[in-house]
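Take a look at the letters that make up each chain.
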Amino acid sequence: MSDQTDLLQGTLDLLIMRTIAPEPLHGWAIAQRIQQISDELLRVQQGSLYPALHRLEHQGWIAAEWGASDNNRRARFYSLTRAGRKQLTTEVSKWERLSAGVNLVLQRT
Amino acid sequence: MRVWHIVMAWLRSVFLRGRREAELGEELRFHLERETERLVAAGVEPQQARLQARRTFGSVEAVKEQSRDARGTGFVDHLGRDTRHAARRLMRDWRFTLAAVLILGLGIGVNTALFSLVNAVLFRQNSVADTARVVDIYQDFPGGGAGGNTYPAYLDVAAYSDMFASTTAAYMPRSATFRQGATLRQGMVEHVSASYLDVMGLRPTLGRWFTDMEDARNAPPVAVVGHRVWTTRFASDPAIVGRILQIDGVPVTIVGVAPARHAATLNLGVHTDFWLPIGALPTFLGSDRVFDRRLNEPAFFIKARLQPAVTVARAQAAMSTLGARLAREFPQNNQGAGISVYASSGVRIHPQIDVVIAGVAAVLFLVVGLVLAIACSNLATLMLVRGAARLKEVSVRLAVGASRAQLIRHLLTESVLLALGGGAAGCVLAWWTTQWLMSLDLPVNVEVGLDLRVLGFAFALSLVTGVVFGLAPAVKSTRVELWQTLRGEGDAGAPSRRRFTLKNALVVFQVAMSVLLLSGTGMGLQMMAAGRTLQTGYAVDGVAMLETDARYAAKATEAARLFEELRRRVAAIPGVQATALTRGLPMESNGMAIVIEGAASAGGQVARASSIWAGPGFFETMRIPILYGRALDERDRAGAPRAAVVSESMARRYFGGVNAVGRRFRPDLSPDAWMQVVGVARAATTSDLNSELVGVQRFLYYRSIEQWAVTPKVVVARSTLGSAPLLRALQTELGRVDEALPVLTAKTMRQILDDSLVVARGSTMFFAAIGLLGLCLAGIGLYAVIAFAVTRRAREIGIRMALGADGRQVVRSVAVEVASLVGVGTAIGLGLSLLGVLALRVAGTNAVTGVANISLFRPSVDPVAMIVIGMFTAMVGLAAAVVPARRASRMDPLMALRHD
C-alpha cells in the first residue's frame, strides 16, 4: 500500500474523464484501467469512485447508459459528453501547468 | 441551461426516486461481483474473495449516500430522512412533545378560531354572478363620506338605465320573529326590490322571486325564504313554496327559495332568513315614512349592474350629476350630499363600517397574536432548555464530523414538525370553538367554519412559528465548546453569571405579555363595576318586564284591548305596586332630530334628543321623580294635545332652564306633531349602560305611547315581592290573556342593565381567558428555566451543601432567581398596561375616531388591580418554582457532585 499514492483532490475527475475518453466503460473497469495504466501506482478509492461518477454525470460532463458487460451482464457504462470533452481539454492543460510548476519548484529549491 | 438541468435532475429525483435507488444498488452490486470474479480468477477462494471485495469497497451505504449527495438531489432525501429522525426523537421524548404540541395548539388554535370568525365576516364573499360589473351606490353624508340612500333617491338612480342594466334597493337588514309550528324563532329579514336577482345575476333555488306587482305598496305580503334557513329549519322541503308563514305576526306567502351561497346583501357572514318586498315595509314597520326623501333615515342600500360598455368612472360621473341635481331640487335634505359609486368587489358591508370592522379585527388579532407570541417564546424556551440538556449529544455529533449546518437543520426540522403538530391541534381546537359558536342559538344565522382559507392560515402560521421559535435555539444550542462538554463539564464549569440570557429574556417577555393581557381584564372589570355603581335614576330592584307581539294573537286586531287587559291583570298581581305599557325595553331610547319651538333653526346645529315610550303609570313604575308639572297619565290619550315629559338635562339644554313646562317641540320628521312639555323629570340614564359609560350624551324625553298610535309590546311592573317571582307571574298572566301571545323577552331590570354591559363582560372574559392562558404558558416556561438552572447548578449546589449550606439557603438562591425574572416581567407588563390606559384616555378624550362616531370607555389607572395582578403573577411564578427548588434543597451532596 505504501507505494500507492492517494489521489489529489480533483484529480480523480480528471483521471475518470481521461480513461473513458476512448470508449465507454463501467465503474469497475474504470478503476481497473486507472490502476493498470498507472502501473499500480494509483489506486482509486472505490468508495469515492461512484460519488465522483455521479457528480460528473450530474454536471453533465459524462453520460451513463445501461449496456452489456464483457461477461454479458447489465452494467452502467459511462461516456464523455461533448461538454465533457471540452472540460477534459481544459482540465488536462490545467494539470500540466500545475505539475510543471510543482516540478520546477521541486527542482530549483 | 444549467438551471434547467438541475431542475430536471431534481424533479427526476423526486419522481423517479425509487428507480434511481434501484439502479444505484444494481450498479454497486455489479461492481462487487465483478471484483469478486477478478479475485477468484486470481486464485482467491470464492468466500474469501467476496469478503475481500467488500472490504476494499468500504461501506456500501456510505457510497450510496455520497452518490446521492453528488447528484445535488440530496435535499429531498435529506428532508425525508431528517423528518423521520426528528419524528423518532420526538416520539422518544413524548412528554416534551405533548407539552409542546398542546402549548402551540392553544396559541395557534386561538388565532385560527379568531381568524375563522374574521374570515366569515370579512373575507367570505356572497355569490354574485360576474361581480366585476356590480356597483354599490351611496348618497354621501352632508359632511362627506358614504352614507345611506333614501327610497326616492333609489328611484332617481334606477332611472339611469343607460348606465345601469338593473338596479336594486335593499332596506337595512332587521331582526324579526317567525313562527314555525308552535315555536317562535328569531331571524333576519331583508326588504329588497323585485329586481334584486337581476342585479345579482342569480336564479332562485326553487320557485321564483317576487314580482313588481307584489312589491307594490299594500300588496299582500310575499317572501322568499333564505337558502340556509330552508335547509336548517325547513329540512329543504320543496313544499315550502306556496305555504303561508307568520313573520312578525304577519301572514306571508312563500313564493320561492333564494339561491344557495347567496347569504345576504351585505357580506357580514350573517344569513338572511327571509327576503320581503320593500312595498311590505309599512306593514311591518307601522309607518310609510321610510319612503320619504329625508336624509335622517337613509336606510337603503343600492346595488346596480352596469350596462356592458359602462365603467365605474362613467357611472360615478353620471351619479355626481344626479347628486348635484338632487342638492338643487331638495336643498333641505340633500344639500352638500353627493353620490358615490364603488365597485361592489371592494365593499364588504359599507365603506364606513368596513373601516371600523377592520380596526376591531386588527385589535383582536393583536391581542391573540400576543398569545401566540407567548406560546412561541415559550416553545423557544423549552427548545433552548432541551438543547442545553442535549449538549452532550450535540457535541458528540459535532465531534464525529456532523457539520453545524446539519445539526441546525435537524433541530429546525424538529421544531417545524412540532409546530405542524401544534397547528393540527390548533385546528381541532378552532373547530371545537366554531362548532360551539354555531351550536349557540344565536338570533342571527352566522356561518363560522373552517374552510381552505382558514386551514391555509393555520398551516402558514405553524410553519412560520416553527421557524421563528426553532431558529434561535437551534443556532444557540449548537454553539458549543467541544472539549468542555465532552469532558463532562458542560458549561457548568463556568456557571453563567450573565443576567441577560436568551432564556431569561424569553421568560420575562412571557410574564410581561401575560400581565398586559390580564390588565385588560382589569379594565373590563372596572367598566362593569362602574356600570353597577352608576346612578340610574330609576328603580331597578323589583322591576321586571315582558315583551310580546300582539300580531301573533288569535285576535290580532284587538291589540290595544289585549294590552289593556294584560295591564289590568298585572296590576292585580299581589305585591305589584305599579305597572305600565311601553314599547322596547324600559328606558330604551331612540335618538332623533327635534325642532324646538321659537328656537333659531337655521344654520345652527341640529337639536337631538332621545325619546322613551311611556304609557300611563310609567313614572310611578320606574320611580322617576317629577320635578315640575306632572307625569304622563290617563289624560294623554289619542286625540288630546300631544304631551311630553322632558328630563332635567334636556330642559336645561334646549329650554334655557329647568322649568320647561308649557314649552313646545316636535320631532324633525313629523312637521305638525308639536308636543307640549307637561312635566320635567329628574335626570336618569337609559337602560344602555354601555353607552352611558363611554360617555354618549343624551337628552331624554318621554312621550305617550297612545298619542303616537304606537302598539305597545312591553308590560313593565314593580313589585314588593322581588323581580324574579314577578317575572313568573307576568308570564302566567300573559298566557291567560291570550294563549297565542308569545314571550319575546322576559327579563328583570337588573338583567337588562347587566346585558347592556355585554361588551364589558365579554372583553373581561376574553382578556381573563387569554391572560390566564398566557400566564399558564409563562408558568411552564418559568418552570422549565428554573428546573434547568437547578440541574445545571447541581454541582455548585452540591459543593455548597457539602460545605454546610442548608436547604433553605439553596431555596433562597433559587427564589432570588425566580423573583428577579417574575419581577422584571411584571414591571414591564404593568408599565405597558399603564401606557395602554393612558393611550385609551387620550383617544377617548380626543374622540379621534372621525369615521364613525365611536366613543371609548376611558379607564382610570387602578392601583388595586395592578397589585392584584402583580401578586397573582408572583404566585404563579412561585408555583412554577416550587418543584425545582425543593429538588435542589433535597439534593444529596454526593449525588450532586457526581451529577453530569
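Keep in mind it's a predicted model, so treat the numbers as computed, not measured.

> It is not clear to me how the overall build of chain A should be interpreted in this structure. Could you clarify?
When its secondary structure is counted, chain A shows four helices and three strands. Traced from its N-terminal end to its C-terminal end, chain A shows the element sequence α-β-α-α-β-β-α. Going through the 109 residues of chain A one by one, you find that 31% of them count as buried. In chain A, once contacts between residues fewer than 6 apart in sequence are set aside, the share between residues at least 24 apart is 48%.

> Help me understand the sheet that holds strand 1 (residues 25-26) of chain A in this model?
Residues and elements named next belong to chain A. Ordered by their spatial adjacency, three strands build an open sheet running 1-3-2, and the pairing between neighbours is antiparallel. This sheet does not close on itself; its edge strands, each paired only once, are strand 1 and strand 2 (62-68). Bridge count for strand 2 against strand 3 (residues 74-80) is seven bridges, and the pairing is antiparallel. Following the sheet pairing, tryptophan 66 is matched in strand 3 by arginine 76.

> Can you walk me through the environment of Lys747(B) in this structure?
Residue and element names in this part refer to chain B. Relative to the assigned elements, lysine 747 resides in strand 24 (residues 745-748). Take lysine 747: there are 19 C-beta atoms within 10 Å of it, and that puts it in the partly exposed class. Lysine 747 sits 201 residues away from leucine 546 along the chain, and the two C-alpha atoms are 6.6 Å apart. Ignoring any residue separated from it by four or fewer positions in sequence, one finds lysine 747 in contact with Ala544, Met545 and Ile752.

> Which parts of the structure should I look at to understand the interface of chain A and chain B?
Bring the parts together and some accessible area is lost; that lost area is often taken as the interface size. Across the boundary between the two partners, chain A contributes 13 residues, which contact 18 residues of chain B. Of all the secondary-structure elements, those providing two or more residues to the side of chain A that touches chain B are helix 2 (27-37), helix 3 (46-59) and strand 3 of chain A. No other element matches the seven residues that helix 3 of chain A contributes to the side of chain A that touches chain B. Tallied by class, residues from the side of chain A that touches chain B come to four nonpolar, six polar and three charged.

> Any chance you could explain the nonpolar core here in plain terms?
All names here are of chain B. Counting 80 residues, the largest nonpolar core has Leu104, Ala375, Leu379, Leu782 and Ile786 as the members making the most contacts within it. If you tally residues by element for this core, the top one is helix 25 (residues 758-792), at 14 residues. If near-sequence neighbours (up to four positions away) are discounted, isoleucine 786 is found in contact with Val814, Glu817, Val818, Ala880, Ala881 and Pro884. Judged by nonpolar contacts, the second largest core, of 68 residues, contains Val570, Met587, Leu730 and Met749.

> I tried to follow the pairing of strand 11 (residues 300-306) of chain B on my own but got confused; where do I start?
As a general feature of sheets, a regular strand has side chains that alternate between the two faces. Residue and element names in this part refer to chain B. Burial analysis of strand 11 places seven of its seven residues in the buried class, which makes it a mostly covered element. Side chains Phe300, Ile302, Ala304 and Leu306 of strand 11 all project onto a buried face; the interleaved residues Phe301, Lys303 and Arg305 project onto the opposite face, where all are buried too. Pairing geometry for strand 1 (residues 134-139) and strand 11, over four bridges, is antiparallel. Its bridge partner being in strand 11, valine 135 is matched across the sheet by alanine 304.

> Sorry if this is basic, but what is going on with helix 2 of chain A here?
Along an α-helix, residues three or four positions apart point the same way, because every turn accommodates 3.6 residues. Among all positions of helix 2 of chain A, only Gly27(A), Trp28(A), Ala29(A), Ile30(A), Ala31(A) and Ile34(A) are buried. After helix 2 of chain A finishes, the residue Asp39(A) shows a positive phi value of roughly 50°.

> Before we go on, may I ask you to explain the environment of Gly836(B) in this structure?
Within the secondary structure layout, Gly836(B) lies in helix 27 (residues 807-846). Separated by 25 residues in the primary sequence, Gly836(B) and Val861(B) have C-alpha atoms spaced 10.0 Å apart.

> Teacher, can you tell me more about the sheet that holds strand 14 (residues 543-547) of chain B here?
Hydrogen bonds along the backbone pair up the strands of a sheet, which may run parallel or antiparallel. Residue and element names in this part refer to chain B. Strand order across the open sheet formed by four strands is 15-23-14-24, with antiparallel pairing between neighbours. Both edges of this open sheet fall to strand 15 (576-582) and strand 24, since each of them pairs with a single strand only. Looking at each pair of strands side by side, their axes are set apart by 15° on average, direction ignored. Bridge count between strand 14 and strand 24: four bridges; the pairing is antiparallel. Note that in strand 24 the partner of leucine 546 across the bridge is alanine 746. Lying over the sheet, helix 19 (residues 559-571) contacts strand 15 and strand 23 (714-719), oriented at roughly 165° with respect to strand 15.

> When you look at helix 19 of chain B in this model, what are you seeing that I'm missing?
Residues and elements named next belong to chain B. Under the 1.5 Å per step criterion, the end-to-end length of helix 19 is 18 Å for 13 residues, consistent within 8% with the ideal 18 Å. Those residues of helix 19 that sit buried are Leu562, Phe563, Leu566, Arg567 and Val570. Seen from one end, helix 19 has its buried residues packed into an arc of 135°, which puts them on one side. Exposed side of helix 19, more than 90 degrees from the buried face: Arg561 and Arg568 are the residues found there. On the buried face of helix 19, the contacting elements are strand 15, strand 23 and helix 23 (723-737).

Calculation notes
Residues numbered from 1 in each chain as written. Chains lettered and ligands numbered in written order. Predicted model: local features only at pLDDT ≥ 70, side-chain atom pairs only at ≥ 80, totals over all residues. Helix = DSSP H or I, 4+ residues; strand = E, 2+ residues; numbered from the N terminus. Buried ≥ 20, exposed ≤ 12 C-beta atoms within 10 Å, placed from the backbone. Contact = placed C-beta atoms within 7 Å. Pairing = 2+ DSSP bridges. Nonpolar A, V, L, I, M, F, W, Y, C, P; charged D, E, K, R; others polar. Core = buried A, V, L, I, M, F, W, Y, C linked by C-beta atoms within 7 Å. Axes fitted to C-alpha atoms, helices over the stretch in contact; angles between N-to-C directions. Expected span 1.5 Å × (residues − 1). Arc of directions from axis to C-beta.

Remember that the coordinates give geometry; whether it matters functionally is a separate question.
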